[in-house]
Amino acid sequence: MCEPEPSARATLRVVAISPGSGSEAEAAGGRGRQPRFHRLPRAHGGATLAAQQLPRRSMNDSRFEQLAAVLTGFSTSLARGERVLIDAFDIPEEMVIALVRAARARGALPYVQLNSARITRELLRGAEEAQYRTDAETELFRMKRMDAYIALRGSGNIFESS
């Protein structure tokens, strides 16, 4: 497989949901916690780091560790024993590793879901309702057991699902 040139770039979109409180969480099946969307401060690249350009490299980049620290600290306030689902879609593995390490450093329990736009596109082409009903039930079961959710969406080809 051919490595992309250092000038090649991938789009990265970040969503972080952290624990809250309230009756809505109990109604949603949580353990007294309400997931909420948290926007990153401007000092960390804007409202949600939407469309931030990160180089596709197979080496450690200090920005990965910085972003992981912000997402596990400021954005989600992960605490010891909390479960966090890291949902990564076409992003560098190094970023996922940085998030796993940052979550562990806070005493949290990281769970990882890796996704690929090419595979998702192929699944969608022959999708049946029963297949996605089962998938939705499985995802709901898993999400109800998480305390936080961090989604990272990248793209090498924004037209993959077109």
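Residues numbered from 1 in each chain as written. Predicted model: local features only at pLDDT ≥ 70, side-chain atom pairs only at ≥ 80, totals over all residues. Heavy atoms only, no water.

**Q** In this structure, what is going on with the pairing of strand 5 (residues 109-115)? I would like to understand it.
**A** Along a regular strand, successive side chains alternate from one face of the sheet to the other. Pairing analysis gives seven bridges linking strand 4 (residues 83-89) to strand 5, with the strands arranged parallel. Opposite Ile-86, over in strand 5, you have Val-112 as the bridge partner. Since strand 4 and strand 5 lie parallel, the crossover through helix 3 (residues 93-105) that links them has a hand, and here it is right-handed. (Pairing = 2+ DSSP bridges. Helix = DSSP H or I, 4+ residues; strand = E, 2+ residues; numbered from the N terminus. Right-handed = clockwise from strand over helix to strand, strands pointing away.)

**Q** Teacher, can you tell me more about the pattern of salt bridges here?
**A** Pairing is possible between side chains of opposite charge, provided their charged atoms come close. Within the structure shown, the criterion is met by five salt bridges. Between Arg-133 and Glu-129 there is a salt bridge; the shortest N-O distance is 3.1 Å. Of the two residues, Arg-133 and Glu-129 are both situated in helix 5 (residues 129-143); the distance of four residues between them amounts to about one turn of the helix. On the basis of relative accessibility, which here comes to 62%, the residue Glu-129 falls in the exposed class. (Salt bridge = Lys/Arg side-chain N within 4 Å of Asp/Glu carboxyl O. Buried < 20%, exposed > 50% of the residue type's maximum accessible area, 1.4 Å probe, protein only.)

**Q** For this particular structure, what's the right way to read the environment of Ala-103?
**A** With respect to the element layout, Ala-103 can be found in helix 3. Through-space distance from the C-alpha of Ala-103 to that of Ala-69 is 8.3 Å; in sequence the pair is 34 residues apart. When neighbours within four sequence positions are excluded, Ala-103 is seen to be in contact with Thr-72, Leu-78, Val-84, Ala-108 and Pro-110. (Contact = heavy atoms within 4.5 Å.)

**Q** Looking at this model, I keep getting lost on helix 3. Mind explaining?
**A** Each turn of an α-helix holds 3.6 residues, which means side chains three or four residues apart point in the same direction. A rise of 1.5 Å per residue sets the reference length of helix 3, with its 13 residues, at 18 Å; its end C-alpha atoms lie 18 Å apart and thus fit the reference within 8%. Three or more residues of helix 3 are buried, namely Glu-94, Met-95, Val-96, Ala-98, Leu-99, Val-100, Ala-102 and Ala-103. Where the residues of helix 3 are buried, they touch helix 2 (62-75), strand 4, strand 5 and strand 6 (148-155). At the C-terminal side of helix 3, Gly-107 shows a positive phi close to 85°. (Expected span 1.5 Å × (residues − 1).)

**Q** Can you walk me through the side chain of Asp-87 in this structure?
**A** By the element assignment, Asp-87 lies in strand 4. Here Asp-87 falls in the buried class, since its relative accessible area comes to 10%. Engagement of the side chain of Asp-87 in a polar contact is seen with the side chain of Tyr-149, the distance being 2.7 Å. Look past the residues within four positions of Asp-87 in its chain and what remains in contact with it is Gln-113, Asn-115, Tyr-149, Ile-150, Ala-151, Leu-152 and Arg-153. (Polar contact = N/O pair within 3.5 Å; in protein donor to acceptor, adjacent residues only side chain to side chain.)

**Q** Explain the confidence of the model for the chain here, please?
**A** In regions of low pLDDT, the predicted coordinates are not meant to be interpreted in detail. When pLDDT is averaged along the chain, the result is 75, and 60% of the positions lie at 70 or above. Residue range residues 21-57 is modelled with pLDDT below 50. Its contacts to residues more than four positions away, or to other chains, number 87 contacts. (pLDDT = per-residue confidence, 0-100.)

**Q** So what exactly am I meant to see when it comes to the environment of Glu-94 here?
**A** With respect to the element layout, Glu-94 can be found in helix 3. A sequence separation of 34 residues divides Glu-94 from Asn-60, and the C-alpha atoms of the two residues are 6.4 Å apart.

**Q** So what exactly am I meant to see when it comes to the packing of helix 2 against helix 3 here?
**A** A packed helix pair is summarised by two numbers, namely the angle formed by the two axes and the spacing between the axes. Packing of helix 2 against helix 3 leaves a shortest axis separation of 8 Å and a crossing angle of 45°. In terms of axis orientation, helix 2 runs oblique to helix 3. With respect to the hand of their crossing, helix 2 and helix 3 are arranged in right-handed fashion. Counted together, Phe-64, Glu-65, Leu-67, Ala-68, Ala-69, Leu-71 and Thr-72 of helix 2 and Glu-94, Met-95, Ala-98, Leu-99, Ala-102 and Ala-103 of helix 3 form the full contact between these two elements. The residue inventory of the contact of helix 2 with helix 3, partitioned by class, reads 10 nonpolar, one polar and two charged. (Axes fitted to C-alpha atoms, helices over the stretch in contact; angles between N-to-C directions. Parallel < 35°, antiparallel > 145°, perpendicular 65-115°, else oblique. Left-handed = near helix turned anticlockwise from the far one by under 90°. Nonpolar A, V, L, I, M, F, W, Y, C, P; charged D, E, K, R; others polar.)

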